[in-house]
Each structure stands twice: as C-alpha cells, then as structure tokens.
Amino acid sequence: LGGAYGWQMSLFQAREWWSTQVSEDEEFDVGCLCVANVDNEPTGANKIITGSYQGMLRMYYPKQKEYKIEDLILESNMEAPILQIEAGRFVQGSREICMALLHPMKLSVYMVSAVSSGSSVNYYSMAPAYEHKLTRPAFNMCYGSFGGVRDRDYFCIQSLDGVLSFFEQESFAFSRIITSSFLVPGPICYVPKIDSFVICTNAMCIEAYRYQVLAAAADNVDQAPGEGGSGKKVQVDWSTNIGEHARSIEVVRFTRSLSASQQEILVVGEQTIFTLKDSGGIRLQKRLAEYGITASVAYKMPPESADALPSHNLMLGTNTGHLLILKEMQLVWCARLQGIVPAQICVDTLGGVRGMMVLMDSKGKLQVTYLGTDPPTASLVNTEMKELNYDEMEEEHQELLRVIRQTHGDGAAEPEESLAIEAQVPQVLDLGNEDDCDADDPVGRSDGMVMQLTVHIIVTLGGSKPVENVSITLKAPQCFHLSQNSIFIEKVEPGGPPVVVSVLVRVWNKILCSGLEVMACASYFSVNNEPRTVATTFGLPFALVAKPIPPVKNANHKIQLDCNKQPPPLQTLFAGLLNQPHVSASLSQGTSNLLSIQYVSGTEATVLVLKSSGRFCVQATEFAALWVLTQELCNKLHEYFGPGGEGAVPDGEEPFFITFQDSLPLHDYFALIDDHFELRRHLDELRKDLADRTQQYRVIQKRLLVRFKDRNPSPLNHLDTLLNLTFEQTILLTDGIDDVEQALRTVSCHLSAATELVLLLVKLRFGLDDENFTILKRHFSPEICDTTDQGWEEKVDTSLLHLLRTSLARSVKDRNTLPPPMKVPQDTLKLRKRITNVVDRLATGARVSGGPPGPPLDGGEEEEPPEEFGGEQ
C-alpha cells in the first residue's frame, strides 16, 4: 500500500471512537500519557492517565463511543510539572499496579482505588504510597525487575546532567555518573534479558551498562575530576554508533525469524529505524527521512497460531497527521488522522476492544481511534494540471535576487524615523484638586488636600514618515498611584507639534516609599515593520512623599556620611522641599543644621549636619526609612558641588566625594529579610490549607449529591454541618491570605528600600565606581518580585553565588564548582552568609569588574569575614 499510493496520498483514514480536549492552555509531550489498569479493577479495564507540564493529572475511563462527562474519573493538581507517568508494581509486599509520577525534583508513587457504595462507584481516589526527593532535576525514567528480582519493579531516573539514580521501591539504592563528557540526556530503556540499561549519548552512540556493574562501581557523583574514590569504575558493556540522535528505545521481537529466547532493541532515530542485537550489533536499519516522525510505539501482535512466537509491529506518527505501520521494516498500512499530530501513542484494550490506539498531541487533544477503510473526505487535487505562469515566476525571482543583493551589499539600513520621549516634572505640588478622590481614599494629604503632581510625557518624532500605534508603559514604585500606567497613541507625525500626555501621580499613605525613579518605555513598529523601543527615566520630587515637621531627636536607626568639602546649610540643599506652598515659614527658617521629615506613610526621619567636621547624620524610626532621605541628601550634595552648581569645585582641586566609615548595618537588614521570608512561608502554608479545604468542600458536595439522588436517601450524618463548617473555614482562609498578601507587599517595599540603602553604603564604604556598582546592583537586586514558584531570596542567593564563583572567586575550586539548582530555601542562613561573603571580598579589594581578583587563587581555606564588615557572624 505504501509503495503503490505513497504516504502523502493515504487511501484510508483512522476512525475516531472517543476523543476530548484535555485542556486549552496546558502543554504535553512524550511521557505525559499512560494506559493501564491502575485501580486494579477485577475486569482488567484500562484507564487513560494524562499529565501536563502545568501539573494537572487527569484520569479517563471511556466505556462507550463518544466522550461523556462521566468519563473523567479523577482530576488533581499535583503542583509540579509532570514529566512522565508509569504504572507497575512499585509498592513493597503488594502485587497491585500502582502509578508513578516523575516531577522535576521528586518521584511520587500513588495507589489508585475506586470508592463505591453498593454496586456503583462514587469516585476515585489517590493515596500517596511514598515519594523520593531528588537532588538533581530529572529528565526521564524507566522501571523493571533490576537484578532479577521478582514480583516488584525498581526505578532508574536519569537527570539533566546525566546521573542515573536507582530506587528499590521505597528505598534509595545508589547514583552513578555514566560519562564525564555529558551534554544532553536522551531516551533510556531497561533490557531484562541482559539486565542492562540502554541509553543514547550526545555522541549519537547507543550504549549498554549492566546493572551489576553499576551497583558494584565506586560512588562517582559530586566528585571533582581526579578525586574518585577507590573501587571499580563504571564500564560500558557495549557501544554502537548510529550517526543520529534517538527518539525512543524499546525492547521488542520485531524480526519474525528470531528464536524463542532472542530479543532485539528497537531504536527510532530522527531519520532512521534500527534494530540491534542484545550484544550491540546492528541487525537491520531503514531510512525514513521523508516522514517527519513525531511519535512511535511498538505494539504486540496477537499470535497467528497457538504455537506461534510473539512479535511486534511498529507504529509511527508523522508531522503531517498520518499513521504508518511497519512490519519488519516494510510499510504495511498508512492512515490519515483527524486533526491531530500525535506527540505520544499507546496501543491497548479499551472499551472491551483490543488494539485501540490512544493518541495525544502537545496541545492536549486526546483521541482513541482504530484503523478503518473509510476513504478520506477531502478530494485529491492534481496540481500537475495547473498552467504555470513563467512571467510571474521570473518577476518574483528577480525581486528576490534584488533583496538578497541589497541585504548582503549594504546591510539592513536603520529606519529614518526616530522616536524620542521625555518627561517634564514640576517641582511644586498640585494641591486642592479632589474632584476624583474620596475623603477616605488612602492617599497622601497635607492639611486635608491631596498631595499630587502632574507629569507631562512629551513624544516627538524625527524623520519624514509618521509612526502609528505607539504604546507607552510607565513603571513606578509601589507607593505611587498613576492615573494611567499604559498610554496608547494612534499616530505621531514627524516635524509636527509634539504629543503631550498628562499623568497624575499620587502617593499611597499605607506604603513606605522605596524610591523616586519612574521609567517610561515606548514601543512601536517602524515603517519597515521592525519593532523598536525607546525608554527614559525621571525622578519625582522629594516633596511628593515627605513633608517637614518640627525636629525629632529620638531614633532607632542612624548612619553617618562624611564629605571632603564644607557642607552648605540644609535650607539650600532641601530648598525644593521647604519652598512648597503647604510648608510654613517657621519650619523653613529653623532648618540650618537639622531637618526632620515625615513620610506620607507616617514614618519619621531626620538629617543632622556638623559643619565643622563635614559629617551628616541620618536617623529614622525604621531602618528602611533611611533610604529615600539618604538618597535625596546624596543627590543634592552632588548637584551642589558638581559642574554648574553653587559650590562647584574648581579645576585642579580634589573632587567632591562622600564616604561611609562605620560598619555596615547588616543586622537590621537581615531582620527585614527574615520578616519577608517568614511572610512568604506563612502565605504558602495558608494557600496549601485553602487547597485542602476546597478539596474537602468538593468531596462533601459530591457525597451530598449522591445521597440526594438516591430514591431512598440515607441520613446525612451531619454532612450539611460539615459543609457549612468547611465553607466558613474557607472564607477565613481567604481573608487571612488577603491580609498576609497586603503585609507581604508592605514588607517588600521596606526590603526594597533597605536593599537600596545597603547597596549605597557598600558603594560609599569601599569606593566602587559606577560600573562595579551597576553590576553589583544587577546581582543584588532591590526589585522585589515574588511569585508562587520563585521568590526574591532564592534569586538573589543564586546571583550572589554566581558572583562568588566567577569574578569574586578566591580559589580555583570555587570557579570549577557547578551551581546547585534554584529552589525555595528552608531559611535565610545561606543568603546571610552569601551577602556577608560578598561584602568581605569587596572589603579585601576584590572588584566585580576591572579590579584585582582578591587573594591569590591558591585553593586555600576561606577566611572568616571581619566583624567590622560582617555585622553578624
């Protein structure tokens, strides 16, 4: 059939028996589909299990043609991507079939059972049997009776870095690295006859490793080259070069001439199919470069006679939506699928019918089909009868040649049009406009009037052609409320009047200000349909977030800054704050050497100047409140003594600089980190409790519905009371989550401001230049963005570890160490140590860029950081 008609013109199409769309926004791949009797039903009826990379597990039990809602018997969120699903005898002392789920960092085994009342099944449940935490990210796994054990299956998990980890059901056995030159993982298969594991390496070789050799070899995981322990090394049993990467490896009886004791290894490559002997030699091969294989499975054929030996056929899915069936390297059937390109194929008994094909694509379409003889509905078109227009073809050819010559000769020319964006920020606040603001809105006020500011975004265009559909996005700290965060401009004309957009800025009175800088980014497409972006940053006036108050002398936190020039009076430095219309003249006149301010959030801070010694003292009731005032002080000092300022330093004199001589206040900073991390953990616990309560609520609802549907309903047994109680607990948990999320946002602003302050003090303490400070700030980021999967602590910890093992490394051993996988830490001890080590190495003279690397790379022991810089040991 394949030779007569060609696979592109298949005469038949596969007939759909049952299908459903698992999900619209989830992703699936090889390993996310399994067909087995996982609930150990006495009739042996198989279930279809699917798992997505988004962590959703679903189980289907199709009993008849066409999908019904009752076919979905189980759905659960596993809260981790599902890489592979397998069914086998995984529980010790039991011969029942269990379900194993492979996640990136753990292996979980579940017992699936049907809960019934009388003769009908009410629902299906999953009971966790055990799980193994993995130390390395997993890629795939295989299972079998390793070492010749009976009536039970063991696991072999392959990690992304090529480590094989073996688990004897509930117990961890050992781990081995099979090769030192590992790049990417490939398929893995267990061959029971020779008790070996067959893998495909990145060198395009099929290699076999005996289980007994791996078990007897010395431990070689987490050891540097040349530091292997005494004992046997991992030895490959045999290796065969196939010249391409393998897609799947299976143990089959593909060749009909094999004896009863023989098996062979079927390898489906990217373009070729191989059958290998159990000794590694190639028996047969067939090239299928024109098919575009997306999935494959070898399925067992029913015996032709009572004494016939079992055999397998090979089924392939193609990217054109066809099924190919090969028997001993010969194409015997080709059928067109109905709107699906399979990512995985299974063949088994479903609905009492043998040989049903279960197909699943990467977008979540699940289909059960069988081979039929219905002709395809679409008519075949003979394209050879169309007349060819050679003039049009020649014209298109010349146009393509012109484009190629222009691209290779002149290169891609930059568009003539250039968009520019700038912001006009007034230094005097707008007071008294409360038309769109309620009296109880949590915004900053002064004498009952809203503190606000109108910023004008000006957009101009250079060139000769207009630009359409310009989108401007504004990013500001959490304490600010912008009247519009996103601006859309339909058209900007070149040479015409600029486009001016007004943005009203207010400040929330419940959140501490963590900065005054706002970023505006404009994105658009040029005339040549090329994406372009332009960005600018501007600072908001200090008067928007603070107002002067009578002097406050008591404070819990303070820092001292020294400058090498005679400082000016505070009235001069903070003239923009003191000259606001809502500030009284008495406060403005009494601030020659002392200025106290109150943030809109209510926190107080004070700056004190000692003119004789050129020292400034900044103090506040909260540690994070020091940042904005310190930043404003440093900016005003640099403006005053910089070029064009009132106290500009003449040429030839020592330039102006600010220093910080005290020890870094890491103790107070670490306390904020602990508060932030504890709130994250508390929020995670509340979300888990909410998931449990909602699951319990659904289970109670189902039980009540079952009882209400019965003709002779049984007593409720206080199920209604339990339902109400669960509902009340759910409401309390949601309210608690809202409160914790609000507290986490507040603490995040404090942590962001404190991080900015620590970075500034590090720069002043160790004299970092702008380049080193910028790189350090990118690694030690003050931007707090927490999600359910990843938080600020683990991101900063990984970034600082990268610095300590690269530019700030002290020994060769540090630079050669592989970074550990990013995960949520148990506490903040490692992060504290990481921050302390970075400060210590900067103190010894090491620099992130363009500086000395610190002590010689002698591989010696790392010294403890000095107490002066560590703050907390």
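Cut-offs and rules
Residues numbered from 1 in each chain as written. Predicted model: local features only at pLDDT ≥ 70, side-chain atom pairs only at ≥ 80, totals over all residues. Heavy atoms only, no water. Core = buried A, V, L, I, M, F, W, Y, C linked by side-chain atoms within 4.5 Å. Buried < 20%, exposed > 50% of the residue type's maximum accessible area, 1.4 Å probe, protein only. Helix = DSSP H or I, 4+ residues; strand = E, 2+ residues; numbered from the N terminus. Phe/Tyr/Trp six-rings, centres within 6.5 Å; stacked < 30°, edge-to-face > 60°. Lys NZ or Arg CZ within 6 Å of the ring centre and 35° of its normal. Lys, Arg positive; Asp, Glu negative; His and termini not counted. Salt bridge = Lys/Arg side-chain N within 4 Å of Asp/Glu carboxyl O. Contact = heavy atoms within 4.5 Å. Patch = residues over 30% accessible without salt bridge, like charges linked within 9 Å, V, L, I, M, F, W, Y side chains within 5 Å. Areas by Shrake-Rupley, 256 points an atom, 1.4 Å probe, with all protein chains shown as cover. Charge placed at Lys NZ, Arg CZ, Asp CG, Glu CD. Axes fitted to C-alpha atoms, helices over the stretch in contact; angles between N-to-C directions. Parallel < 35°, antiparallel > 145°, perpendicular 65-115°, else oblique. Left-handed = near helix turned anticlockwise from the far one by under 90°. Nonpolar A, V, L, I, M, F, W, Y, C, P; charged D, E, K, R; others polar. Pairing = 2+ DSSP bridges.

Undergrad: Please give an account of the nonpolar core that cites residues and values.
TA: Core analysis: the largest hydrophobic core is formed by 108 residues, its most contacted members being Ile-472, Phe-480, Leu-540, Phe-542, Phe-574, Tyr-599 and Tyr-669. Broken down by element, this core gets its largest block of residues, twelve residues, from helix α9 (residues 719-766). Membership of the second largest hydrophobic core comes to 20 residues, among which are Ile-82, Leu-101, Tyr-110 and Tyr-124.

Undergrad: Residue-level account of the packing of aromatic side chains, with values.
TA: Following the criterion strictly, the structure yields 23 aromatic pairs and no others. Note on Tyr-190 and Phe-197: the rings are 5.2 Å apart at their centroids and 45 degrees apart in plane angle, and the pair reads as tilted. These aromatic residues form a ring-pair network of at least three members: Phe-146, Tyr-154, Phe-166, Phe-174, Tyr-190, Phe-197 and Tyr-211. The ring of Tyr-61 carries Lys-47 above its face, with NZ or CZ at 4.5 Å from the centroid. Sitting over the ring of Phe-773, Lys-763 keeps its end group 4.8 Å from the ring centre.

Undergrad: Just give me the short version of the side chain of Asp-195, but keep the residues and values in it.
TA: Turning to its location among the elements, Asp-195 is positioned in the loop between β14 (188-191) and β15 (196-200). No salt bridge is formed by the buried Asp-195; its nearest oppositely charged neighbour, Arg-210, is found at 6.7 Å. In contact with Asp-195, other than residues within four places in its own chain, are Phe-146, Gly-147, Tyr-190, Tyr-209, Arg-210, Tyr-211 and Gln-212.

Undergrad: Can you break down a negative patch on the surface residue by residue, with the values?
TA: Negative charge collects at one region of the surface, where Glu-79, Asp-675, Glu-678, Glu-685, Asp-689 and Asp-692 lie side by side. With respect to the helices and strands, Glu-678 occurs in helix α8 (residues 666-709). Owing to a relative accessible area of 46%, Glu-678 belongs among the partly exposed residues under this scheme.

Undergrad: Which residues make up the packing of α9 against helix α10 (residues 770-779), and what are the values?
TA: Running from amino to carboxyl end, α9 crosses α10 at an angle of 150 degrees, the nearest separation of the two axes being 11 Å. By the angle class used here, α9 and α10 are roughly antiparallel. The two elements α9 and α10 meet at a crossing, and its hand is right-handed. Residue-level inspection shows Glu-756, Leu-759, Leu-760, Val-762 and Lys-763 of α9 in contact with α10, the latter providing Asp-770, Phe-773, Leu-776 and Lys-777. Residues of the contact of α9 with α10, tallied by class, amount to five nonpolar, no polar and four charged.

Undergrad: With reference to specific residues and values, describe the pairing of strand β37 (residues 517-525).
TA: The two faces of β37 differ: Val-518, Ala-520, Ala-522 and Tyr-524 on one face are buried, but Glu-517, Met-519, Cys-521, Ser-523 and Phe-525 on the other face are not. Alignment of β37 against strand β38 (residues 531-539), held across nine bridges, turns out to be antiparallel. Counterpart to Met-519 in the pairing with β38 is Thr-537. Here β37 hands over to β38 after five residues, with Asn-529 in that stretch at a positive phi of 65 degrees.

Undergrad: Break down unusual backbone geometry for me, with residues and values.
TA: Note on backbone geometry: most residues besides glycine have negative phi, and most peptide bonds are trans. The phi torsion at Asp-151 lies on the positive side, around 60 degrees, for a residue other than glycine. Positionally, Asp-151 belongs in the loop between β10 (138-144) and β11 (154-159). One non-glycine residue, Met-204, lies in positive phi territory at about 65 degrees. Mapped onto the elements, Met-204 comes out in the loop between β15 and β16 (205-210).

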